Amino acid sequence: VKQMMKWLIPFNATSSTAKARCVAARDAHEAQRVECNSLQKVFEVEFCHDLGDRVTACEGYDACRSLREKQRNVTHEKVRSAEHARHQEYAAVAQIRCYLDVLNASDASRRRTLLQGCLDLAPSASGLNITYHALLARDVCEVAPGGVAAPCDAEWLAQHYAGQVWFEDAPTVECSPCDPALPTAGSSSTTTVAPTTTAFPMPGLLSEDKISLVEFPEGEYYGWNQWPCAVGDKIVQFPDIDHLNIQIVDLPSGTRSTLTPSLSAGRSKYPGHCQVVDGIAYALPGDAPNIIAVDARAGTWEQFTDYDDGRSNKYRKSLLVGRTIYGFPSQAGIPVLAVHVDNRSWSEVTGHKSTSATGGLVMDGHNIFMTPAVGENKWVVIDTRTNIARLTAECMSAVKVHYRAAAAIGGKVITLPYTGVDGERPVALVVDVDSEGCSELPIEWEEPPAYWWYNCVTLGGKAFCFSNRGLSVAVFDPASNTLRALEGVSGIRLNYDNRDAVVVGTSLFVFGKGAAWRINAVDETATELELSPRCTWPSGAAYLRGRVYAGCWSDEGGHRMLLRYYEVATSSSVEVAFVLPGSTRGPTAAGGRLFWCPYRSHAAILTPR
């Protein structure tokens, strides 16, 4: 026993030390394992992002190269045609000069000699020849260097893990594949999100109606500037602020599909109103580099024309004239764009170029009238038959304010000021379409400078114009060339465009901040409509199946949408309150339904009874 104790006591001491070292080593090993697993995931995720960036870059290069090749070929054809014409002109001028020499010769014998020389003349225009350089070879854009596929593919695992000398001693954990939303070589990303049909508390209202929520990516503000495009029973929502995807919502099923074009991060991708031709939705670029076309039925997109001069906020407004889409600049120095749908090409409107952002727009016949810019005193008129811009007669010494609200009615075009100047009474500018002479109409009833006239609606041979800050409705009568306030109507402060003013027959339903009215355009009588005192701001209105649906935002209990419908036959109304996760804007009528686009995270679909 004594002999055993001699070695047992030291052994216990060393054993305790060894155990402590073992525990410490085990803990260190576990910490190292956790760190390695974490770094493995970081490596795989970063590899995926790098691969996605390469795919985007290569697709961008291929699209740009194809576009520039097409533009180069078109330019070459135009230049060849001009070159051929110039050669003919040169030969014709040489012939004319030769025959003039014949006519000027006084001697008959000399005339005969000169005439024969003219007949034999073969002018050489070789000095006018243009050299057409051959295309340089395309660069090879290598998406995956060495042909290595994406993380978690067998080849990738063999190269980066299983084939390494350390793998047997330190095998990896389960691989993290790339996010399906990231672009991959040879494919475009499309995801579908199912709807959520929500039963909201709706006291006394819409018992047979259905409201469905469609979830959108959190924080992607699809409804800030870009209103949705209605294409049959589908909605196309183009990217606007700080996001890159196109959303397509099928209204009957309530499902949402995502298209991911190759766009770089940044604000206001397609902020202007879209246009629909033959079931294809087109949008002009703000910060995006190109014009984009979306086929909502096929779920496909095409960036078909590059128009990138490096600037942001290029186009915010557009008009469809026949089969040509006109884009109007958001800043000075950018030309008006004519997008030709049939051959997927564009051209610039020539002639006068405005010195500032586009204000009001209105169409009369084949002419587009653009309101005068600040510092200018003439309207810009674009003849859509020639795509040439000209100026009207002078309106005033110099426009000091922005003009936005505009209407064409009875051979006249009128615009009201969007901003004001302290101490100066506002004036409306009126152009006679035939003579293009400009006159001014004072707005006597509004105090400067709070005008903010946003939009005009034509009805019953008159134009009704509405303000965001002024509290009245302006009525323009082109027959008498007079402008006056509509009697008995007050308190109307509209939101940002005429989606708050709905025309039904001879009636005009107008919804503002604090007041709503039904205006009879024939006798100019007005009936005040019931409106919830809880409304803080109108969010749009639309007509559908005998009803006018109007929404507004309320700050009670978070972002609450107060929806009220008005029976057109009786003007009676009922209100519904439902809470949305994030505010919405709308509605847009499409396919017998109403759609509210998301401002933050959810869209809403109302299927009426």
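Residues numbered from 1 in each chain as written. Predicted model: local features only at pLDDT ≥ 70, side-chain atom pairs only at ≥ 80, totals over all residues. Heavy atoms only, no water.

Q: I would appreciate a short explanation of the overall build of the protein in the present structure.
A: The secondary structure content of the protein amounts to three helices and 39 strands. Here the protein holds 609 residues, and the buried ones make up 44% of them. Nonlocal contacts in the protein, meaning residues at least 24 apart in sequence, comprise 51% of its contacts between residues at least 6 apart. Surface accessibility of the protein: about 29,500 Å² in total, with carbon and sulfur atoms responsible for 54%. (Helix = DSSP H or I, 4+ residues; strand = E, 2+ residues; numbered from the N terminus. Buried < 20%, exposed > 50% of the residue type's maximum accessible area, 1.4 Å probe, protein only. Contact = heavy atoms within 4.5 Å. Areas by Shrake-Rupley, 256 points an atom, 1.4 Å probe, with all protein chains shown as cover.)

Q: What exactly am I supposed to notice about empty space enclosed by the protein here?
A: To find leftover empty space, a probe the size of one water molecule is rolled over the atoms. Applying the stated rule across the entire model yields four cavities of 30 Å³ or more. For the largest cavity, the calculated volume is near 110 Å³. Surrounding the largest cavity, 17 residues form its lining, Leu-531, Cys-535, Ala-550, Gly-551 and Cys-552 being those nearest its centre. Broken down by secondary-structure element, the contributors of at least two residues to the lining of the largest cavity are strand 33 (537-544), strand 34 (547-554) and strand 35 (560-567). With four residues, the top contributor of residues to the lining of the largest cavity is strand 35. The class makeup of the residues in the lining of the largest cavity is ten nonpolar, four polar and three charged. (1 Å grid on protein atoms, 1.4 Å probe; cavity = no way out; pocket = protein on both sides within 12 Å on 5 of 7 lines; lining within 4 Å. Points joined across faces, edges and corners; volume = space filled by probe spheres on them. Nonpolar A, V, L, I, M, F, W, Y, C, P; charged D, E, K, R; others polar.)

Q: Honestly, the environment of Phe-509 in this entry has me stumped. Any pointers?
A: Locating Phe-509 in the fold gives a position in strand 30 (residues 507-511). Taking the C-alpha atoms as reference points, Phe-509 and Tyr-566, 57 residues apart in sequence, are found 9.5 Å from one another.

Q: I'm lost on the sheet that holds strand 30 in this one. Help?
A: Paired through their backbone hydrogen bonds, the strands of a sheet run either parallel or antiparallel. A sheet is described by the order of its strands in space; here four strands give the open sequence 29-30-31-32, paired in antiparallel fashion. Each edge of the open sheet carries a strand with a single partner, namely strand 29 (501-504) and strand 32 (526-528). Each adjacent strand pair in this sheet contributes to an overall mean axis angle of 20°, direction not counted. Of the pairings in the sheet, the one linking strand 29 to strand 30 comprises four bridges and is antiparallel in character. Paired with Val-502 across the two strands is Phe-509, which belongs to strand 30. (Pairing = 2+ DSSP bridges. Axes fitted to C-alpha atoms, helices over the stretch in contact; angles between N-to-C directions.)

Q: In this structure, what is going on with the pattern of salt bridges? I would like to understand it.
A: Applying the stated criterion across every chain, the model contains 17 salt bridges. Residue Asp-27 pairs with Arg-26 through a salt bridge whose shortest N-O separation is 3.8 Å. Residue Arg-26 is classed as exposed on the basis of its relative accessible area of 53%. Taking the shortest distance from any N to any O, the salt bridge between Glu-302 and Arg-344 comes out at 2.7 Å. With Glu-302 in strand 11 (residues 300-306) and Arg-344 in the loop between strand 14 (337-340) and strand 15 (345-348), this pair connects stretches of sequence that are 42 residues apart. When its relative accessible area of 38% is taken as the criterion, Glu-302 is described as partly exposed. Each of Arg-65, Glu-69 and Arg-138 takes part in one network of salt bridges that share partners. (Salt bridge = Lys/Arg side-chain N within 4 Å of Asp/Glu carboxyl O.)

Q: Explanation requested: the nonpolar core in the structure shown.
A: Looking at soluble globular proteins, one finds that nonpolar side chains tend to be buried together. The biggest cluster of nonpolar side chains holds 17 residues, and the ones touching the most others in it are Phe-369, Trp-379, Tyr-403, Val-413 and Leu-429. Mapped onto this core, the elements with two or more residues apiece are strand 21 (403-409) and strand 23 (427-432). Contact partners of Val-413, with chain neighbours within four places excluded, come to Val-362, Phe-369, Trp-379, Ala-407, Ala-408, Leu-429, Val-430, Val-431 and Val-433. (Core = buried A, V, L, I, M, F, W, Y, C linked by side-chain atoms within 4.5 Å.)

Q: Help me understand the sheet that holds strand 14 in this model?
A: On the basis of which strands lie adjacent, the open sheet formed by four strands has the order 12-13-14-15 and antiparallel pairing. The sheet is open, and its two borders are formed by strand 12 (315-321) and strand 15, each paired with just one other strand. Mean inter-strand twist for the sheet, computed between neighbouring axes without regard to direction, equals 25°. In terms of strand pairing, strand 12 meets strand 13 (residues 324-329) through six bridges, oriented antiparallel. Paired with Ser-318 across the two strands is Gly-327, which belongs to strand 13.

Q: Would you mind showing me how to read the state of the cysteines here?
A: Here, disulfide denotes a covalent bond that connects the sulfur atoms of two cysteines. Summed over all chains, the structure comprises five disulfides. Here Cys-395 engages in a disulfide with Cys-438; their sulfurs sit 1.9 Å apart. As the torsion about the S-S bond is roughly 105°, the Cys-395-Cys-438 disulfide counts as right-handed. Of this pair, Cys-395 sits in the loop between strand 20 (388-391) and strand 21 while Cys-438 sits in strand 24 (residues 438-442); the two residues are 43 residues apart in sequence, bridging distant segments of the chain. Owing to a relative accessible area of 8%, Cys-395 belongs among the buried residues under this scheme. (Disulfide = S-S within 2.5 Å.)

Q: Before we go on, may I ask you to explain the pairing of strand 21 in this structure?
A: The side chains of a regular strand alternate between both faces of the sheet. Most of strand 21 sits out of view: six of its seven residues are buried. As paired strands, strand 21 and strand 22 (residues 412-417) are joined by six bridges and run antiparallel to one another. Of the residues in strand 22, the one forming a bridge with Ala-407 is Ile-414. Once strand 21 ends, the chain turns through two residues before running back antiparallel as strand 22, passing Gly-410 with a positive phi of about 60°.

Q: Sorry if this is basic, but what is going on with helix 2 (residues 108-120) here?
A: Side chains three or four residues apart in an α-helix point the same way, a direct result of the helix having 3.6 residues per turn. Under the 1.5 Å per step criterion, the end-to-end length of helix 2 is 18 Å for 13 residues, consistent within 8% with the ideal 18 Å. The N-terminus of helix 2 is capped by Asp-107, whose side-chain oxygen sits 3.0 Å from the backbone nitrogen of Ser-109. (Expected span 1.5 Å × (residues − 1). Polar contact = N/O pair within 3.5 Å; in protein donor to acceptor, adjacent residues only side chain to side chain.)

Q: Explain the pairing of strand 23 here, please?
A: In terms of burial, strand 23 is a largely internal element, five of the six residues being buried. Relative to strand 23, strand 22 is paired through four bridges, and the arrangement is antiparallel. Across the sheet, Val-413 pairs through a bridge with Val-431, a residue of strand 23. Inspection of the sheet shows strand 23 paired to strand 24 by five bridges, in the antiparallel sense. What sits directly across from Leu-429, in strand 24, is Glu-440. Linking strand 23 back to strand 24 in an antiparallel pair, the connection comprises five residues, with Glu-436 at a positive phi of about 60°.

By themselves, these are just geometric observations and shouldn't be taken as functional.
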